[in-house]
Protein chains: 2
Amino acid sequence: MLEEGGCPKTMLSISDALEALDGRWKLLILFALSDGPLRFKQISREVMGITDKTLSKELKLLESNLLISRHVYDTFPPTVEYAITEHGMSLENVLKELHYWGLHHRKKVLGKVS
Amino acid sequence: MLEEGGCPKTMLSISDALEALDGRWKLLILFALSDGPLRFKQISREVMGITDKTLSKELKLLESNLLISRHVYDTFPPTVEYAITEHGMSLENVLKELHYWGLHHRKKVLGKVS
């Protein structure tokens, strides 16, 4: 499949990526933030189906992996915004390929025309 | 990020893809099978850390999503092999981008040279 086909090093790097992006939410949150910084409630609206508890946990994990940054503004009450980092933006090609494959998969397996 | 930036259709296709590939194991199993069909125990050895129970569950899910096929050979005792399908092979670009990003992430965040 890949030129390096099946070698442990390739398996390791894919495993690293999957560990950082584990679950179905992180890439959707990053995608929501790719248009610009958002507040918690705005992300919650964009990412359909996520609970506040899960979103809160996922945001912390994304921050610890340097994929997003959290900014607190000195307003009253304080405003908190989340922004995608340069490292988060480096996932652009992964998201692009997942988007294309998701379209293909929807036609093939789900049999739905979106 | 994507040209269609943040539109609900793109979010939907990424969500479809993430649902089909949910968790950290499915893509690793597909990657292990990308070099040719394997038996259960062989996959278990290739995909480090997976338990038999999880592997069994993941193989069924991959089969229901038409990403792998299961072949039973009339030997004594019967041999069961799993093979990646054409639809599974269509994930090549996703795996490629995850591999590149995993390498980049390892350098950036994990600070390790593989």
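Everything in this summary refers to the structure shown in the same document. Computed from a predicted structure; not experimentally measured. (Residues numbered from 1 in each chain as written. Chains lettered and ligands numbered in written order. Predicted model: local features only at pLDDT ≥ 70, side-chain atom pairs only at ≥ 80, totals over all residues. Heavy atoms only, no water.)

## Observations regarding the pattern of salt bridges
Residue and element names in this part refer to chain A.
Here's step 1: Applying the stated criterion to the full structure yields ten salt bridges over all chains.
Here's step 2: A salt bridge links Lys26 to Glu58; its shortest N-O distance comes to 2.8 Å. Here Glu58 lies in helix H4 (residues 52–64) and Lys26 lies in helix H2 (residues 26–33), a separation of 32 residues in the sequence.
Here's step 3: Owing to a relative accessible area of 5%, Glu58 belongs among the buried residues under this scheme. (Salt bridge = Lys/Arg side-chain N within 4 Å of Asp/Glu carboxyl O. Helix = DSSP H or I, 4+ residues; strand = E, 2+ residues; numbered from the N terminus. Buried < 20%, exposed > 50% of the residue type's maximum accessible area, 1.4 Å probe, protein only.)

## Quick notes on the relation of the copies chain A and chain B
Here's step 1: Aligned on chain B, chain A shows an RMSD of 0.0 Å; the corresponding rotation is 180° and the shift along the axis is 0.0 Å. On this basis, the relationship between the two copies can be described by a two-fold rotation axis. Considering only C-alpha atoms, the part of chain A nearest the rotation axis is A:Gly23, at 2.6 Å.
Here's step 2: Most of the interface of chain A is mirrored in chain B: 100% of its interface residues are interface residues there too. (Least-squares fit on C-alpha atoms with pLDDT ≥ 70 in both. Contact = heavy atoms within 4.5 Å.)

## Quick look at empty space enclosed by the protein
Here's step 1: All chains considered together, the criterion is met by one cavity of 30 Å³ or more.
Here's step 2: Volume-wise, the largest cavity comes out at about 140 Å³.
Here's step 3: Contributing to the lining of the largest cavity are 14 residues, with A:Leu18, A:Leu21, A:Leu27, B:Leu18 and B:Leu27 lying nearest its centre.
Here's step 4: Looking at the lining of the largest cavity, the elements with two or more residues in it are helix H6 (92–110) of chain A together with helix H6 (92–110) of chain B. (1 Å grid on protein atoms, 1.4 Å probe; cavity = no way out; pocket = protein on both sides within 12 Å on 5 of 7 lines; lining within 4 Å. Points joined across faces, edges and corners; volume = space filled by probe spheres on them.)

## Description of the interface of chain A and chain B
Here's step 1: With 59 residues of chain A at the contact, the number on the chain B side is 59 residues.
Here's step 2: Of the roughly 5600 Å² buried between chain A and chain B, counting both surfaces, carbon and sulfur atoms make up 69%.
Here's step 3: Here chain A is connected to chain B by four salt bridges.
Here's step 4: B:Asp22 is the salt-bridge partner of A:Arg24, the closest N and O atoms lying 3.5 Å from each other.
Here's step 5: Inspection of the region where chain A meets chain B yields 15 residue pairs in polar contact (both at pLDDT 80 or more).
Here's step 6: Those elements giving two or more residues to the side of chain A that touches chain B turn out to be helix H1 (8–20), H2, helix H5 (86–89) and H6 of chain A.
Here's step 7: The greatest single-element share of the side of chain A that touches chain B, amounting to 17 residues, is contributed by H6(A).
Here's step 8: Broken down by class, the residue content of the side of chain A that touches chain B amounts to 27 nonpolar, 18 polar and 14 charged. (Buried area = accessible area lost by both parts, 1.4 Å probe. Polar contact = N/O pair within 3.5 Å; in protein donor to acceptor, adjacent residues only side chain to side chain. Nonpolar A, V, L, I, M, F, W, Y, C, P; charged D, E, K, R; others polar.)

Take it as geometry only, folks, not as evidence of what the structure does.
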